[in-house]
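A look at the structure
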Amino acid sequence: MPLAFLVYRALNNDLGANPIETINRYTGDWVLRFLLVTLAVTPLRRLFGWNALLRYRRMLGLFAFFYACLHFLSYAWLDQYFVLADIIKDVAKRPYITVGFACLLMLIPLAATSTNAMIRRLGARRWQALHRLVYLVGVGGVVHYLWLVKSDLREPLIYGAILAALLGFRLWRRAWREPGAVAVAARQALP
């Protein structure tokens, strides 16, 4: 539906004064929305017993990947005209684009391994470890948006607060389930 609405707006010449920016922002917003909804599945299951949501989690993650591809495609096509040298220079020069591109690259293995066959091939434990990249992608997506915005930080901060709550729930749950596990994980993360 979000893509259909964007196409409808484009066909009706309703993309504003800067259509390229509108398309980039719109697709980027939907990447973050689908990522956050995907990450919300586990807390909703744990808190309210909505186990039926589990069957939609992979599909929601694939929607996030789809909109990330559209977001990058709109940048590469409409903003950079598919000039590879300009894209590479832009990715290297502008930190928010570097972070966004890194997030897209991290989403690729997640999308590629989102089938039951890949879960069996990798084994559940390795598959879960790989799919924890989604947390880093979420943080990177919020940072990408935060660094992109120049003045009004409200929207990226709202996304950041939602992400913090979703990741905080996981940390709280892990600490409650395994006392000391969060402290051990934090110590292992430090150099």
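Before going into details, it helps to say that this report is about the structure given with it. Predicted model, so just to flag it, every value in this text is computed and none were measured.

**Examining the environment of G141**
The residue G141 is located in helix α8 (residues 133–148) in this model. Spatially, the C-alpha atoms of G141 and L157 are 12 Å apart, while their sequence positions differ by 16 residues. In this structure G141 touches L32 and C103, once residues within four positions along its chain are discounted.

**Overview of the packing of helix α1 (residues 2–11) against helix α2 (residues 19–48)**
At a closest axis distance of 11 Å, the pairing of α1 and α2 adopts a crossing angle of 170 degrees. By the angle between their axes, α1 is roughly antiparallel relative to α2. Together, P2, F5, L6 and R9 of α1 and T22, I23, Y26, T27, W30 and F34 of α2 make up the contact between the two elements. Residues of the contact of α1 with α2, tallied by class, amount to 7 nonpolar, 2 polar and 1 charged.

**Section: α1**
Within α1 the residues assigned to the buried category are P2, L6 and R9. All buried residues of α1 fall inside an arc of 60 degrees around its axis, so they share one side. Relative to its buried face, α1 has exposed residues pointing more than 90 degrees away, namely Y8 and L11. In this structure, the buried side of α1 is in contact with α2 and α3 (54–79).

**Overview of helix α9 (residues 154–177)**
In a regular helix each residue adds 1.5 Å, so 24 residues correspond to 34 Å; α9 covers 34 Å between its end C-alpha atoms and thus fits that length. Within the span of α9, buried status applies to P156, Y159, L163, L166, L167, F169 and R170.

**A closer look at the packing of aromatic side chains**
Applying the stated rule across the entire model yields 13 aromatic pairs. Centre to centre, the rings of F169 and W172 are 5.9 Å apart; their planes meet at 45 degrees, and the pair counts as tilted. Taken together, the positions of F169 and W172, both in helix α9 and 3 residues apart, correspond to about one turn of that helix.

**Topic: the environment of F72**
Tracing the backbone shows F72 in helix α3. Take F72: its relative accessible area is 27%, and that puts it in the partly exposed class. Sequence-wise, F72 and L130 are 58 residues apart; in three dimensions their C-alpha atoms are separated by 22 Å. For F72, the contacting residues outside a window of four places in its chain are I87, F101 and L104.

Quick notes on the rules
- Residues numbered from 1 in each chain as written.
- Predicted model: local features only at pLDDT ≥ 70, side-chain atom pairs only at ≥ 80, totals over all residues.
- Heavy atoms only, no water.
- Helix = DSSP H or I, 4+ residues; strand = E, 2+ residues; numbered from the N terminus.
- Contact = heavy atoms within 4.5 Å.
- Axes fitted to C-alpha atoms, helices over the stretch in contact; angles between N-to-C directions.
- Parallel < 35°, antiparallel > 145°, perpendicular 65-115°, else oblique.
- Nonpolar A, V, L, I, M, F, W, Y, C, P; charged D, E, K, R; others polar.
- Buried < 20%, exposed > 50% of the residue type's maximum accessible area, 1.4 Å probe, protein only.
- Arc of directions from axis to C-beta.
- Expected span 1.5 Å × (residues − 1).
- Phe/Tyr/Trp six-rings, centres within 6.5 Å; stacked < 30°, edge-to-face > 60°.

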